[in-house]
Amino acid sequence: MSTTVSPPAPAPQSGRPEAPDSRLRQLPALLLRALLTQRIVLLLVLLVAVVATFVTLSQRNYLTAPYDAGYMSAALISAVPLVMLGLAELLVITSGRGGIDLSVGAVVSLTSMVFGFGYGEWGWPLWPSILLAAAFGALCGAVNGFLIAYIGYPALITTLATYYAFSSLAIVVNDQQPISTQPIQEFFSAARSVPLGGGEDPLQVPLGILTFLLPTAVVVWLLLNRSTYGRRLYAIGTNDVAAQWAGIDVRRTRFLAYTAAGLISGLVAVVTVAQFASARPDAGVAGSGMALPAITIAVLGGVAITGGIGRVAGVVLATLLVVWLNAGILLAVPGNAGSQFQLFALGTVLVFAALLNGLTNRRYGRTG
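Within any chain, residue numbers begin from 1 and follow the written order of that chain's sequence. Only residues with pLDDT of at least 70 are given local features in this predicted model, and only at 80 or more are side-chain atom pairs given and counted; all residues enter the totals for whole chains, interfaces and linings. Processing note: side-chain calculations cover all non-hydrogen atoms of the structure and skip hydrogens and water entirely.

1. Regarding helix H2 (residues 39-59)
Secondary structure elements are defined from DSSP: runs of H or I of at least 4 residues count as helices, runs of E of at least 2 residues count as strands, and each element is numbered from the N terminus. Multiply 1.5 Å by the residue count of a helix minus one, and that product is the helix's expected span. Taking 1.5 Å as the rise per residue, H2 with 21 residues should run 30 Å; its terminal C-alpha atoms sit 30 Å apart, in good agreement. The cut-offs for exposure are 20% and 50% of the maximum accessible area for each residue type, with area from a 1.4 Å probe on protein chains only; residues under the lower value are buried, those over the upper are exposed, and the others partly exposed. Restricting attention to buried positions, one finds in H2 the residues Arg39, Ile40, Leu42, Leu43, Leu47, Val50, Val51, Phe54 and Ser58. One side of H2 carries all its buried residues, which in axial view fall inside an arc of 160 degrees. Of the exposed residues in H2, those oriented more than 90 degrees away from the buried face are Val48 and Gln59. Immediately beyond the C-terminal end of H2, within one or two residues, lies Asn61, with a positive phi of roughly 65 degrees. Directions drawn from the helix axis to the C-beta atoms are what define this arc.

And the structure:
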């Protein structure tokens, strides 16, 4: 007697496309995850929202002057030192172990005076004077790097101490007086705007973007993304113990990060001398200083304060957001009150960025 074996039932198709209503229900969660985990996406959304808001207010005559492309382009003159110092903070914070540099503003002040002596009083040519400023800034950064990487001092205390030391030296080195000789005043032409594009009314872009900001950003990007040093820096920022067991010279890598930050600060000093047409002893510490805005921009740009995470594009977009937000505040709130609102906005942005970084790390892990 024979038995008939029935064929097995077909297995359910796991690759069957989901229903459209299911994908729609998942869309808000996917968008939220993209905004939280992809800092570039979030910054682009915030940047568009800020610009659209102030353009709308300008069109309805709520601002004291037009918020247009020309005004936004002119505001970029303040973005040059901010982006460059933000990149300096990117390097030191990414190195981990509580990496931070509070002395970048003081390095700018002291190096401004050194550049003023070289170019304005000693009669040095321009390029040797710029190289002098870069080398002196790197020397100041090397002092921080040696104390932090080799001696083992905490970065916060070390750079706070050197902030006071460098600031004091900048003031006493020329008896509290700025250097405003003829060559320094003529160097103001390096901060002028140049036309970009054709037409009867071309867009005016600050020259410093082309001569200082873009080269610095490209070099830092190549350093972090296309060099073995960049991989070592991310490794020690993520876990320096594991990096040391992997054969990486942790102390040297961290030392070079602070040295590079000082070099960038030295170049920023040249930019500030051009913008002020004077080598001022308080160029990087006047008002709220340059260090805190640079740290704010780095954190807002997605640099993890614990180290190991950071992107050049995030720093650039965060700077545009802060600069154009501040520019709009000045038109919305004229007078001295506008400057105070700028500080309030800067503090709010810093708190928002820190909370966002913490929320993202807890919910999705360490992401960029």
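2. Section: the packing of H2 against helix H14 (residues 312-332)
Running from N to C, H2 and H14 cross one another at 20 degrees; their axes reach a closest spacing of 10 Å. What the angle tells us is that H2 and H14 run roughly parallel. Every pair of crossing elements has a handedness; the one defined by H2 and H14 is left-handed. Residues Ile40, Leu43, Leu44, Leu46, Leu47, Val50, Val51 and Phe54 of H2 form the contact with H14, whose own contacting residues are Ala313, Gly314, Leu317, Ala318, Leu320, Leu321, Trp324, Leu325, Gly328 and Ile329. Axis definition: a line fit to C-alpha positions, over the contact stretch in the case of helices; interaxial angles, taken between N-to-C directions, run 0 to 180 degrees. Here the word oblique covers every angle except those under 35 degrees (roughly parallel), over 145 (roughly antiparallel) and from 65 to 115 (roughly perpendicular). Here is the rule for handedness: rotate from the far helix to the near one, and if that takes an anticlockwise turn smaller than a right angle the crossing is left-handed, while a clockwise turn gives right-handed. Note on contacts: a residue pair qualifies if any of its non-hydrogen atoms lie within 4.5 Å across the two residues.

3. Some points on unusual backbone geometry
Phi angles above zero are rare outside glycine, and Arg97 is one such case at about 55 degrees. The topology assignment puts Arg97 in the loop between helix H4 (79-94) and helix H5 (104-121). Under the relative-accessibility criterion, Arg97 is labelled exposed at 61%. Although it is not a glycine, Ala277 adopts a positive phi angle of roughly 55 degrees.

4. Here's the deal with the packing of H5 against helix H12 (residues 250-276)
The description of two packed helices rests on the angle between their axes and on the distance between the axes. At a minimum axis distance of 8 Å, the contact between H5 and H12 shows a crossing angle of 60 degrees. Taken together, H5 and H12 sit at an angle that is classed as oblique. Once H5 is placed against H12, the crossing between them reads as right-handed. Contacts between H5 and H12 pair Val104, Val107, Val108, Thr111, Ser112 and Phe115 from the former with Gly262, Ser265, Gly266, Val268, Ala269, Val270, Thr272 and Val273 from the latter. Among the residues forming the contact of H5 with H12, the class breakdown is eight nonpolar, six polar and no charged. Amino acids are sorted into nonpolar (Ala, Val, Leu, Ile, Met, Phe, Trp, Tyr, Cys and Pro), charged (Asp, Glu, Lys and Arg) and polar (every other residue, Gly among them).

5. Structural notes on the packing of aromatic side chains
Only the six-membered ring of Trp is used, alongside the rings of Phe and Tyr, when aromatic pairs are assigned; centres must lie within 6.5 Å, and planes under 30 degrees apart are stacked while those over 60 apart are edge-to-face, with the rest tilted. Going through the model one piece at a time under the given rule, you end up with ten aromatic pairs. For the ring pair Phe117 and Trp122, a centre distance of 5.9 Å and an interplane angle of 20 degrees mean the geometry is stacked. Look at Trp122 and you get exposed, because its relative accessible area is 51%. Residues Tyr150 and Phe255 carry aromatic rings whose centres are separated by 5.7 Å and whose planes lie at 65 degrees to one another, so their mutual orientation is edge-to-face. You can see Tyr150 sitting in helix H6 (residues 126-151) and its partner Phe255 sitting in helix H12, a full 105 residues away along the chain. An aromatic cluster is defined as three or more aromatic residues linked by ring pairs; in this entry it consists of Phe54, Tyr67 and Tyr71. Both a distance and an angle decide whether a charge sits over a ring: NZ of Lys or CZ of Arg must be within 6 Å of the ring centre and within 35 degrees of the ring normal. Directly above the ring of Phe276 sits Arg280, whose terminal nitrogen or CZ lies 4.4 Å from the centroid.

6. Topic: the environment of Leu331
By the element assignment, Leu331 lies in helix H14. Overall, Leu331 belongs to the buried group, its relative accessible area being 7%. Note: C-alpha distance between Leu331 and Ser58 (273 residues apart in sequence) is 8.9 Å. Residue contacts for Leu331: discarding those within four places in its chain leaves Leu63, Thr64, Ala65, Pro66, Tyr67 and Tyr71.

7. Focus on the pattern of salt bridges
Salt bridges, as used here, are contacts in which a Lys or Arg side-chain nitrogen is within 4 Å of a carboxyl oxygen on Asp or Glu. In the structure shown here, the tally under the stated rule is three salt bridges. Residues Arg254 and Asp240 are paired through a salt bridge, measuring 3.7 Å at the closest nitrogen-oxygen approach. Placement of the pair is Arg254 in helix H12 and Asp240 in helix H11 (residues 240-245), with a sequence separation of 14 residues. Summarising the burial analysis for this pair, Arg254 and Asp240 share the class buried. A salt bridge links Arg280 to Asp282; the nearest nitrogen and oxygen atoms lie 3.1 Å apart. With a relative accessible area of 27%, Arg280 lands in the partly exposed category. By relative accessible area, Asp282 is classed as partly exposed at 29%. Via salt bridges that share partners, Arg97, Asp240 and Arg254 belong to a single interconnected network.

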